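Listed below, chain by chain, are the residues.
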Amino acid sequence: MAPGAATNGRPTAVRTSELVRFATAGSVDDGKSTLIGRLLFDTKSIFEDQLEHVEETSKRRGDGYVNLALLTDGLRAERERGITIDVAYRYFHTPRRKFIIADTPGHEQYTRNMVTGASTADLALILIDARKGVLEQSRRHAFIASLLRIPHLVVCVNKMDLVAWDQEVFDRICSEFTGWAAKLDVQDVTFIPISALHGDNVVERSANMTWYEGPSLLYHLEHVHVASDRNLQDARFPVQWVTRPMSDELHDYRGYAGEVASGVFRKGDEVVVLPSGRTSRIAGIDTYDSELDEAYPPLSVTIRLEDDIDVSRGDMICRPSNRPKEARDIDAMVCWMSARPLWSSGRYRIKHTSRTALAKVDELIYRIDVNSLHRNEDATGLELNEIGKLRLRLSAPLLVDEYRRNRATGSFILIDESTNDTVGAGMVL
Amino acid sequence: MIREVAAELERAVLLFSGGKDSAVLLHLARKAFHPGGLPFPVMHVDTGHNFPEVIEYRDRLVDEMGARLIVASVQDSIDNGRVIEETGPRASRNRLQSVTLLDAIEKHGFRAAFGGARRDEERARAKERILSFRDDFGQWDPKRQRPELWNIYNGFVKPGEHVRVFPLSNWTELDVWQYVAEEKLELPCIYFAHEREVFRRDGMLYAVSAHVELLPGEEPFTKWVRFRTVGDMSCTGAVASEAMSLEDVVAEIAATRITERGETRADDRISEAAMEDRKKEGYF
């Protein structure tokens, strides 16, 4: 087979390297599962046995059509109740790119699930029912996408077939949404009118909406520029593991293994190890296959230093002229993920990069209403799915950056000491 | 993520079946600690009904790496009365593995078990976390999963509990094969086309072996086949194939229209939620 030749629309052995992760959000009936089913179906990412299965189940349920939504509902309770309970991950690829979809349900524990899906996403896909317009839920989706700093937003106005493919409906929804997005910190928004059920503007441009001149959804997903979203300015390397083989041939080998969080590290660079503040130079950057001259995110490498200084797991290697903040008190936006509410003056474990400490809630500065963006400064706690600004006091300093500048070193989780559950998702301000 | 778990959880183990996914997982683990050795042992849950080629491959690979191998045997669980073996021509030891696995995890006090499962394999797996919490009965509760944010993993467990860790969660079957081809990994020879005595059952081809009883009307015949998944001989089907090299296999996978578990795994055909039920019991 010739390289690059497509087989059934699926890629060949040639590796498509660029990976795009996107999170989808929508309410119960806006056709999100149908849209995902459509994307998978039209890119031929659904296998025959899966399709047969969906056809059989649709027939048994009396759906009257092949219900592509059934493709994404994995658990028995979901199929029985026709809902999605948990974040589901789906995969598809085109000859250009590989995609991971984090599909988040629109009802129960909505915020918690969307924050989870959004935390690793390059792009958020928000669905709006053309008949209903911008609902409270759509506004909430946009707010969470902006809070989690998802670089790209795509608003699909779905069910255009049910509004007679009317451009005015589409334009009205676009301007209403844009008005809301202006209050948020959103950089890049694209609007696409679609019909997930009929496939219009999903993979192919629609013949029913000739007034729309933009790309189809898939074309947009394949071409949106994600490479430049990475932070390549601030060199940060959290040490995960100290490698000391102590074998005969590598008797004196001492390397620091981890994943480059941001920035670029080069052989010969002057570096500082935090929190000790000792400086040295990079003697070498090793991988299993070979030595590298430079390392950038998200590569996993082992860094060797010229000087024999004390470095342990949880330390961070960076450049002397560009350091993270060494903080014992941090202000952060926190989304509460647990049915046990946050109590002011509560104590939690905090995990940040490869470091764990204890955090005490000093103050709940305000709770934010995700629908109106109103800040309630009299709030005394955070319930499940609520978001607020906290001041935390830490048992040991953490090496943090602002989340808006650096997702990897600006994010943390809070863990309940008694249940070990992950209860909070935090973003350093 | 392999390093994070190894650093934070005291006793970890890597579950190795001899299949392609666990071969990739083992390779990634070697890379993560290179040039140091693996800081944890490798464990195989041996049903006693494995393909002999796979056992031979397992022993050779582990020996080459100098890793420590633990074999947890389903036969032992049967012999000491922990489980009762299914009988009849459709009997399989597949489900019994869960008990043997959980017993071994408890016996060795493992707090983390790495596995090669992928979310694209099966619908219930698509809902599982990369770092998946198991209670002290080894059970998976899909409704009580810890949220997984960014790439910060919460591996805190209490005594008796453990986590299953699936670093290949976001890989697809094609990703695995492309990785095998790129890294030139060795795999058991049954992944490549060979002539074998097989019989047809429920539309699938099975290897003729001492572990499977033929039903009336099932006639063995010889055919060029390869295996897409590697499991128990009693429930793993072969596909007709002439793909003898890695490149041939990758091309075949890229062009296939049927999922690997749908094509070759009888254990998932039992019911719509077969995997979900087994997972709740502690399966891989």
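Residues numbered from 1 in each chain as written. Chains lettered and ligands numbered in written order. Predicted model: local features only at pLDDT ≥ 70, side-chain atom pairs only at ≥ 80, totals over all residues.

What about the overall build of chain A?
- Scanning chain A from terminus to terminus reveals eight helices and 25 strands.
- Each of the 429 residues in chain A was classed as buried or not, and the buried ones make up 46%.
- Counting contacts in chain A only where the partners sit at least 6 residues apart, residues at least 24 apart contribute 69% of the total. (Helix = DSSP H or I, 4+ residues; strand = E, 2+ residues; numbered from the N terminus. Buried ≥ 20, exposed ≤ 12 C-beta atoms within 10 Å, placed from the backbone. Contact = placed C-beta atoms within 7 Å.)

A short note on the overall build of chain B
- Looking only at helices and strands, one finds nine helices and ten strands in chain B.
- Relative to the globule expectation of 19 Å for 284 residues, the C-alpha radius of gyration of chain B, 18 Å, shows essentially globular dimensions.
- Dimensions of chain B along its principal axes, counting C-alpha atoms only, are 55 × 45 × 35 Å.
- Burial analysis of chain B (284 residues in total) assigns 52% to the buried set.
- Contacts in chain B between residues far apart in sequence, at least 24 positions, make up 74% of those at least 6 positions apart. (Rg over C-alpha atoms; globule rule 2.2 N^0.38 Å.)

Here we look at the interface of chain A and chain B
- Listed per partner, the contact involves 49 residues of chain A and 45 residues of chain B.
- Secondary structure elements with two or more residues in the side of chain A that touches chain B: α2 (48–61), β2 (88–93), α4 (110–118), β8 (241–243), β24 (411–415) and β25 (422–428) of chain A.
- Along the lines of polarity and charge, the residues of the side of chain A that touches chain B split into 21 nonpolar, 15 polar and 13 charged. (Nonpolar A, V, L, I, M, F, W, Y, C, P; charged D, E, K, R; others polar.)

Quick word on the nonpolar core
- Core analysis: the largest hydrophobic core is formed by 179 residues, its most contacted members being Ala118, Ala124, Cys156, Val157 and Phe237 of chain A together with Leu14 of chain B.
- The biggest single contributor to this core is helix α2 (residues 20–33) of chain B, with eight residues.
- Once residues within four sequence positions are removed from consideration, Val157 of chain A is found in contact with Ile128, Ala130, Phe170, Ile173, Phe191, Pro193 and Ile194 of chain A. (Core = buried A, V, L, I, M, F, W, Y, C linked by C-beta atoms within 7 Å.)

With respect to the domain arrangement of chain B
Residue and element names in this part refer to chain B.
- Assigned domains of chain B: these are domain 1 (2–173 + 272–280) and domain 2 (187–268).
- Domain 1 puts 22 residues into the contact, and the matching count from domain 2 is 21 residues.
- Where the side of domain 1 that touches domain 2 is concerned, the elements lending two or more residues are α2, α3 (52–65) and α9 (274–280).
- The element contributing the most residues to the side of domain 1 that touches domain 2 is α3, with three residues.
- Classifying every residue of the side of domain 1 that touches domain 2 by side-chain character gives eight nonpolar, eight polar and six charged. (Domains from an automatic or database assignment.)

With respect to the pairing of strand β1 (residues 12–15) of chain B
All names here are of chain B.
- Here β1 shows two buried faces, one formed by Ala12 and Leu14 and the other by Val13 and Leu15.
- Judged from the three bridges that link them, β1 and strand β4 (residues 112–114) form a sheet pairing that is parallel. Across the sheet, Val13 pairs through a bridge with Ala113, a residue of β4.
- Relative to strand β2 (residues 42–46), β1 runs parallel, the two sharing two bridges. Along β2, the bridge assignment pairs Leu15 with Met43.
- Following the backbone out of β1, through α2 and into the adjacent parallel β2, one traces a crossover that is right-handed. (Pairing = 2+ DSSP bridges. Right-handed = clockwise from strand over helix to strand, strands pointing away.)

Topic: the sheet that holds β2 of chain A
Residue and element names in this part refer to chain A.
- The strand order across the open sheet formed by six strands is β2-β3-β1-β4-β5-β6, and the pairing between neighbours is mixed. Either end of the sheet is taken by a strand with one partner, and the two such strands are β2 and β6 (188–193). Strand-to-strand twist across the sheet, computed as the mean angle between neighbouring axes with direction ignored, equals 25°.
- One ladder, built from four bridges, connects strand β1 (residues 19–25) with strand β4 (residues 123–129); its direction is parallel. The residue bridging Ala23 from the neighbouring strand is Ala124, located in β4. (Axes fitted to C-alpha atoms, helices over the stretch in contact; angles between N-to-C directions.)

Focus on the packing of α2 of chain B against helix α6 (residues 173–183) of chain B
Residue and element names in this part refer to chain B.
- At a minimum axis distance of 10 Å, the contact between α2 and α6 shows a crossing angle of 55°. Classified by the interaxial angle, the pair formed by α2 and α6 is oblique. Handedness of the α2/α6 crossing: left-handed. Contact residues: α2 offers Lys20, Asp21, Val24 and His27, while α6 offers Val176, Tyr179, Val180 and Glu183.
- A per-class count over the contact of α2 with α6 returns four nonpolar, one polar and three charged. (Parallel < 35°, antiparallel > 145°, perpendicular 65-115°, else oblique. Left-handed = near helix turned anticlockwise from the far one by under 90°.)

Quick notes on the environment of Pro298 of chain A
Residue and element names in this part refer to chain A.
- Residue placement: Pro298 occurs in the loop between β14 (294–295) and β15 (300–305).
- A count of 11 C-beta atoms within 10 Å places Pro298 in the exposed class.
- Aside from chain neighbours lying at most four places away, what touches Pro298 is Glu259 and Val260.

Here's the deal with the environment of His194 of chain B
All names here are of chain B.
- Summarising the element assignment, His194 is placed in strand β7 (residues 194–201).
- Judged by the 16 C-beta atoms lying within 10 Å of it, His194 falls in the partly exposed class.
- The spatial distance from the C-alpha of His194 to the C-alpha of Ala240 is 9.6 Å, given a sequence separation of 46 residues.

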